[in-house]
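# Architecture at a glance
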Amino acid sequence: MRIISGKYGRRRFDVPTNITARPTTDFARENIFNVLSNMIDMDGMTALDLFAGTGAVTFEFASRGCRRVVAVENYPVQYKFICKVAEQLKADEVLPVRGDVFKYLQNAGEKFDIVFADPPYDLPGFNEIPRKVIDSGVIAPGGVFIMEHPSTSDFSSIPGAIDHRRYGSVNFTIFKIE
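All values derive from a computational prediction rather than experimental measurement. (Residues numbered from 1 in each chain as written. Predicted model: local features only at pLDDT ≥ 70, side-chain atom pairs only at ≥ 80, totals over all residues. Heavy atoms only, no water.)

### A closer look at the side chain of S63
Test applied: Put simply, DSSP marks the helices as runs of H or I at least four residues long and the strands as runs of E at least two long, and each gets a number from the N terminus on. By the criterion applied in these results, polar contacts are pairs of N or O atoms within 3.5 Å in which, for protein atoms, one can donate a hydrogen and the other can accept it, and in which residues neighboring in sequence qualify only through two side-chain atoms. What makes two residues a contact is simply this: any of their non-hydrogen atoms within 4.5 Å.
You can see S63 is positioned in helix 2 (residues 56-63). Within the structure, the side chain of S63 is placed 2.8 Å from the backbone nitrogen of Y8, a separation counted as a polar contact. Dropping the residues within four chain positions of it, S63 is found in contact with I3, S5, G6, K7, Y8 and G9.

### Concerning the nonpolar core
If you look at soluble globular proteins, the nonpolar side chains tend to sit buried side by side. Filter applied, for reference: Only buried residues count toward a nonpolar core, which is a set of Ala, Val, Leu, Ile, Met, Phe, Trp, Tyr and Cys residues joined through side-chain atoms within 4.5 Å. Relative accessibility decides the category of a residue: with a 1.4 Å probe and only protein chains considered, values under 20% of the type maximum give buried, values over 50% give exposed, and everything between is partly exposed.
Within the largest apolar cluster, 37 residues are counted, with the highest numbers of intra-cluster contacts made by F59, F61 and I146. Elements supplying a minimum of two residues to this core: helix 1 (26-39), helix 2, strand 2 (68-73), helix 3 (76-89), strand 4 (112-117), strand 5 (139-149) and strand 7 (170-176). In this structure, L50, Y104, M147 and I158 belong to the second largest nonpolar core, which totals 23 residues.

### A short note on the packing of aromatic side chains
As a reminder of what qualifies: Here is the rule: rings of Phe, Tyr and Trp (six-membered ring for Trp) pair when centre to centre is within 6.5 Å. Planes less than 30 degrees apart are stacked, more than 60 are edge-to-face, and the remainder are tilted. As a reminder, the over-ring test applies to NZ of lysine and CZ of arginine, requiring each to be within 6 Å of the ring centre and within 35 degrees of the ring normal.
Inspection of every chain in the model, using the stated rule, returns eight aromatic pairs. On the numbers, 6.0 Å between centres and 55 degrees between planes, the contact of Y167 with F172 is tilted. By the burial criterion, Y167 is buried, and F172 matches it. Just above the ring of F102 sits the side chain of K132; from NZ or CZ to the centre is 5.0 Å.

### Notes on the sheet that holds strand 2
Across a sheet, strands are paired by hydrogen bonds formed along the backbone, either parallel or antiparallel in direction. Our working definition: By definition, two strands form a pair when at least two bridges between them are found by DSSP. What counts as an axis is a line fitted to C-alpha atoms, over the stretch in contact for a helix, and the angles between N-to-C directions run from 0 to 180 degrees.
Ordered in space as 3-2-1-4-5-7-6, the seven strands form an open sheet in which the pairing is mixed. Here the strands that pair on one side only, and so sit at the sheet edges, are strand 3 (94-98) and strand 6 (161-167). Strand-to-strand, the axes of this sheet are offset by a mean angle of 15 degrees, without reference to chain direction. In terms of strand pairing, strand 5 meets strand 7 through six bridges, oriented antiparallel. Within the sheet, the bridge partner assigned to M147 lies in strand 7 and is T173. Strands in contact with helix 1 are strand 5, strand 6 and strand 7; relative to strand 6, the strand with the most contacts, it is inclined by about 150 degrees. Its contacts with the sheet put helix 3 on strand 2 and strand 3, and the angle it makes with strand 3 is roughly 165 degrees.

### So, the packing of helix 1 against helix 2
Heads up, the rule is: Roughly parallel means an angle under 35 degrees; roughly antiparallel, over 145; roughly perpendicular, 65 to 115; everything else is oblique. Left-handed describes a crossing whose near helix is turned anticlockwise from the far helix by less than a right angle; the clockwise case is right-handed.
Put simply, helix 1 and helix 2 touch, their axes get as near as 12 Å, and they point 40 degrees apart. It follows from the interaxial angle that helix 1 and helix 2 lie oblique. In the crossing of helix 1 with helix 2, the sense of the turn from one axis to the other is right-handed. Taken together, the residues of helix 2 that come into contact with helix 1 (itself represented by R29, F33 and L36) are A56, V57, E60 and F61.

### Looking at helix 2
Along helix 2, eight of the eight residues are buried, which leaves the element largely enclosed by surrounding structure. Looking at helix 2, one finds that the buried residues are A56, V57, T58, F59, E60, F61, A62 and S63. Of the residues one or two after helix 2, G65 is the one with positive phi, at around 105 degrees.

Here it is as structure tokens:
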């Protein structure tokens, strides 16, 4: 795993071979963060990474100036890896949370400026996730929500959808929540 830019930029970490996550490719991550950087200044923002996997997106948010980044991951191997990288970086702004994303959304009690979700594509109810995230109230007014998805999913009709980006086989729909 490579952190692309910012204060932790160019750092690399060996991902354990038994991780079951499908990490966002470096190419797609670099491009979506370029888009986000042109939309918002991440300095001092809060971010939520749902289905955090290896934490690549989490650490990119932290590296680019987010003051608080919560990474929600249910699987122990991925969660431990995120904790290990946060410790190695001394990334106090990163808060790993081990647990079910949907339970977290019900009980979060906090709003975030940026929310990113990269669920397993074969997760039952996958196409309902954007509405669940938006309806949960975790996105602050004026906040941005990015959903990573396969090309077979189309979220353009959901209120707040403002952009769709495709980088190879990786697709992102960006929502602006007012």
